[in-house]
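# Architecture and fold: a report
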Amino acid sequence: MVGYAALSAHEAEARSGSVDAAGTARARQRLAERLSAAGIQHERVLSTVSQMPRHLFVDEALATHAYEDSALPIGHGQTISQPYTVARMTEALFAPGRCSTVLEIGTGSAFQTAVLASLVRRVYSIERVAALWRRADERLKSMRFRNVRLRHGDGALGWREYAPFDGILITAAADGVPRQLAEQLAPGGRMVLPLNGDDGQVLVRLTRNSIGFRHEVLEPVTFVPLLGGVV
Ligand code: SAH
């Protein structure tokens, strides 16, 4: 269940050769320290996010910024999330309890997808922009992730065929919890998502229990909007 990506990420990196290895190692160490100082406590999440070769998930022109703790453009008006946010959402998903299958909405660069695939048994991810979906698919295949399934579609509808999921993670902000996604959560399962509110966006964790859903507000966040339909 563990380590699917650890090897493949290093293999992919060895092939890439475009970023100075010693410089990258230092930049990753600094990123790990930053994430830890910012409050990320889950050791495996911390090491997976900071060791993931993020320069392979952005355009070559932005590779020198890949280990900074900031969001970066990935085209089509979308962004690769800030490493802190990826770590925080992943950590929130891994509350006590089983987390073996995860559905992600908003594949984007597939960086969050790769982090999840390194930590859980199976990851399903849906992206509405065809060009991003195609690039993400090529990227994950070249990095030899074998426990990920990607799909081009409207994520708000979920992926009924593989439901229920232990975890659902949405990487774009919605006005409310998409009902069909909530229905695809396993008992005890958790959904982590940014929601638009009166005072801006907040990160929310929804936990399915025997009587319904427990709702926790975690912290303020900034995400691109969850949009309907596909392009
Ligand atoms: N986790 C990604 C975040 C990308 S930004 C990364 O770090 O790279 C959010 C993504 O959600 C964008 O790629 C956007 O196209 C996608 N998106 C927005 N609404 C969607 C929907 N309804 N279904 C699927 N993807 C959606």
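As a starting point, this report considers the structure included with it.

Conventions adopted
- Residues numbered from 1 in each chain as written.
- Predicted model: local features only at pLDDT ≥ 70, side-chain atom pairs only at ≥ 80, totals over all residues.
- Heavy atoms only, no water.
- Pairing = 2+ DSSP bridges.
- Helix = DSSP H or I, 4+ residues; strand = E, 2+ residues; numbered from the N terminus.
- Phe/Tyr/Trp six-rings, centres within 6.5 Å; stacked < 30°, edge-to-face > 60°.
- Buried < 20%, exposed > 50% of the residue type's maximum accessible area, 1.4 Å probe, protein only.
- Lys NZ or Arg CZ within 6 Å of the ring centre and 35° of its normal.
- Near = heavy atom within 4 Å.
- Polar contact = N/O pair within 3.5 Å; in protein donor to acceptor, adjacent residues only side chain to side chain.
- Areas by Shrake-Rupley, 256 points an atom, 1.4 Å probe, with all protein chains shown as cover.
- Nonpolar A, V, L, I, M, F, W, Y, C, P; charged D, E, K, R; others polar.
- Axes fitted to C-alpha atoms, helices over the stretch in contact; angles between N-to-C directions.
- Contact = heavy atoms within 4.5 Å.

With 4 bridges connecting them, strand 6 (residues 165-170) and strand 7 (residues 185-197) associate as parallel partners. Paired with leucine 169 across the two strands is valine 192, which belongs to strand 7. From the end of strand 7 to the start of strand 8 (residues 200-209), which pair antiparallel, there are 2 residues.

Using the criterion set out here, one finds 5 aromatic pairs in the structure. An angle of 75 degrees between the planes, with centres 5.6 Å apart, marks the rings of tyrosine 124 and tryptophan 159 as edge-to-face. Of this pair, tyrosine 124 sits in strand 4 (residues 122-127) while tryptophan 159 sits in the loop between strand 5 (148-152) and strand 6; the two residues are 35 residues apart in sequence, bridging distant segments of the chain. Of the residues examined, tryptophan 159 reaches a relative accessible area of 6% and is grouped as buried. Connected via pairs of aromatic rings, a cluster forms that spans Tyr124, Trp159, Tyr162 and Phe165. The positively charged end of arginine 54 is found above the aromatic ring belonging to phenylalanine 111, 5.6 Å away from the centroid.

Let us now look at the site of the ligand. Inspection of the region around the ligand gives 25 residues, with Ser109, Glu127, Asp154, Gly155 and Leu227 positioned closest. Contacts to the ligand include glycine 155, whose backbone N or O atom sits 2.8 Å from a nitrogen atom. Burial of the ligand by the protein chains amounts to 99% of its free accessible area of 570 Å². Every element with two or more residues in the shell around the ligand is listed here: strand 2 (78-80), strand 3 (101-105) and strand 4. The greatest single-element share of the shell around the ligand, amounting to 3 residues, is contributed by strand 2. Its residues assigned to classes, the shell around the ligand shows 10 nonpolar, 11 polar and 4 charged.

Moving on to the sheet that holds strand 6. Spatially, 5-4-3-6-7-8-9 is the arrangement adopted by the 7 strands of the open sheet, whose pairing is mixed. The two strands at the open ends of the sheet, each matched to only one other strand, are strand 5 and strand 9 (212-220). The average undirected angle you get between the axes of adjacent strands in this sheet is 15 degrees. Inspection of the sheet shows strand 3 paired to strand 4 by 5 bridges, in the parallel sense. From the neighbouring strand, glutamate 104 faces strand 4, where its bridge partner is serine 125. Set on the sheet, helix 6 (residues 130-142) makes contact with strand 4 and strand 5; between it and strand 5 the angle comes to about 160 degrees.

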